[in-house]
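Letter by letter, the chains look like this.
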Amino acid sequence: MDRRKFLKLAAISATLAGGVPGFFNREVKAKAYTPPPGALTARRWGMAIDIKKCWEHPECNDCIKACHYIHNVPHIPDRKREVKWIWKDEFEHVFPDKPNEFNNILLAHKPFLLLCNHCEHPPCVRVCPTQATFKREDGIVMMDYHRCIGCRFCMAACPFGARSFNWVDPRPYIEHFNPEFPTRMKGVVEKCLFCYERLEKGQIPACVEACKHKALIFGDLEDENSEISRLLRSRFSIRRKAELGTGPSVFYLIG
Ligand code: SF4
Ligand code: SF4
């Protein structure tokens, strides 16, 4: 039996032994994280998306291109098997719970940028049997690809569709290989990791850096003097499916 099959069997056994309700309701504890010298740090990382700036440049996909290039995200043409870390979709799919938020019907067809919300209470972490997905003390919801057994419980639990599963070997579909970031394999889940690897080097996330229109703002939600905190105090913002109580760390500035 190979390692993956063994881990899968062990996880299923543990789940059954522990009882499914207890397993799914277990508490989410953040893992301690010690940043290396020179790293950018925060008590809780978050992102604000100035959606009006995005709409002024509807053809611009620089953020998506930068993220997918740097992280070796494969371009798989089959929509059912595609892998995406950051993408766009229309208002009615992004905010199905806010049909009256906008009066102008034209806005309903504008694109919204989507990525993992790095929730304060991430349901994906709660259901993962192997702790392949876990939350750090600074709020980043991480993935350990080596621990992932591909059960996809996390995908079922995520209300934002922010995770992709590698149905096929992704490596042949990488258009420009970046040797500085690991590639994934068939059978594991992946998603946006708030560029933890760049933060460790003192760099801001690739999508934020790539946006020449300054539509993306990344910073510490718990620092009242950070740019993101000041913007969230002075502008009207909404979060996706806030009523579910997961506490998304991604905010859409719309006013
Ligand atoms: S598929 Fe998701 S829930 Fe299952 S082991 Fe991998 S990260 Fe955890
Ligand atoms: S924060 Fe980093 S990983 Fe997440 S969407 Fe932006 S570039 Fe991609």
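In what follows, the accompanying structure is described. (Residues numbered from 1 in each chain as written. Chains lettered and ligands numbered in written order. Predicted model: local features only at pLDDT ≥ 70, side-chain atom pairs only at ≥ 80, totals over all residues. Heavy atoms only, no water.)

Moving on: the site of ligand 1. Residues in close proximity to ligand 1 total 13 residues, the closest being Cys 128, Cys 148, Cys 151, Arg 152 and Cys 154. Here the shell around ligand 1 is composed, by residue class, of 10 nonpolar, 2 polar and 1 charged. (Near = heavy atom within 4 Å. Nonpolar A, V, L, I, M, F, W, Y, C, P; charged D, E, K, R; others polar.)

Within the structure, ligand 2 sits among Cys 67, His 71, Trp 85, Ile 86, Leu 115, Cys 192, Leu 193, Phe 194, Cys 195, Pro 205, Ala 206 and Cys 207. Residues belonging to the shell around ligand 2 are distributed by class as follows: 11 nonpolar, 1 polar and no charged.

Strands sit in the order S8-S1-S10-S9 across an open sheet of 4 strands; the sheet is mixed. Across the chains shown, the open sheet's two edge strands, defined by having one partner strand only, are strand S8 (216-220) and strand S9 (237-238). Bridging between strand S1 (residues 45-50) and strand S10 (residues 250-253) involves 4 bridges; their strand directions are parallel. Residue Ile 49 lies in a different strand from S10, and its bridge partner there is Tyr 252. Sitting on the sheet, helix H10 (residues 227-234) touches S1, S8, S9 and S10, and the angle it makes with S8 is about 110 degrees. (Pairing = 2+ DSSP bridges. Helix = DSSP H or I, 4+ residues; strand = E, 2+ residues; numbered from the N terminus. Contact = heavy atoms within 4.5 Å. Axes fitted to C-alpha atoms, helices over the stretch in contact; angles between N-to-C directions.)

Here the focus is the state of the cysteines. Scanning the entire structure with this criterion turns up 0 disulfides. Cys 211 takes part in no disulfide bond, and the closest cysteine sulfur to it belongs to Cys 60, at a distance of 6.1 Å. (Disulfide = S-S within 2.5 Å.)

This next bit is on the pattern of salt bridges. Counted under the stated rule, the structure contains 10 salt bridges. Linking Glu 120 and Arg 44 is a salt bridge whose minimum nitrogen-to-oxygen distance equals 3.5 Å. Of this pair, Glu 120 sits in the loop between strand S3 (111-115) and helix H6 (123-127) while Arg 44 sits in the loop between helix H2 (20-24) and S1; the two residues are 76 residues apart in sequence, bridging distant segments of the chain. Of the charged contacts, one joins Glu 190 and Arg 184 as a salt bridge, the two residues approaching to 2.8 Å between their closest N and O atoms. Its relative accessible area of 0% is what places Glu 190 among the buried residues. (Salt bridge = Lys/Arg side-chain N within 4 Å of Asp/Glu carboxyl O. Buried < 20%, exposed > 50% of the residue type's maximum accessible area, 1.4 Å probe, protein only.)

So, on to the packing of aromatic side chains. Per the stated rule, a full pass over the model turns up 10 aromatic pairs. When the ring of Phe 95 is compared with that of Tyr 252, the centres are 5.3 Å apart and the planes differ by 90 degrees; the resulting orientation is edge-to-face. A residue pair is termed long-range when its members are at least 10 positions apart, and Phe 95 in the loop between helix H5 (91-94) and S3 and Tyr 252 in strand S10 qualify at 157 residues. This pair shows no difference in class: Phe 95 is buried, exactly as Tyr 252 is. (Phe/Tyr/Trp six-rings, centres within 6.5 Å; stacked < 30°, edge-to-face > 60°.)

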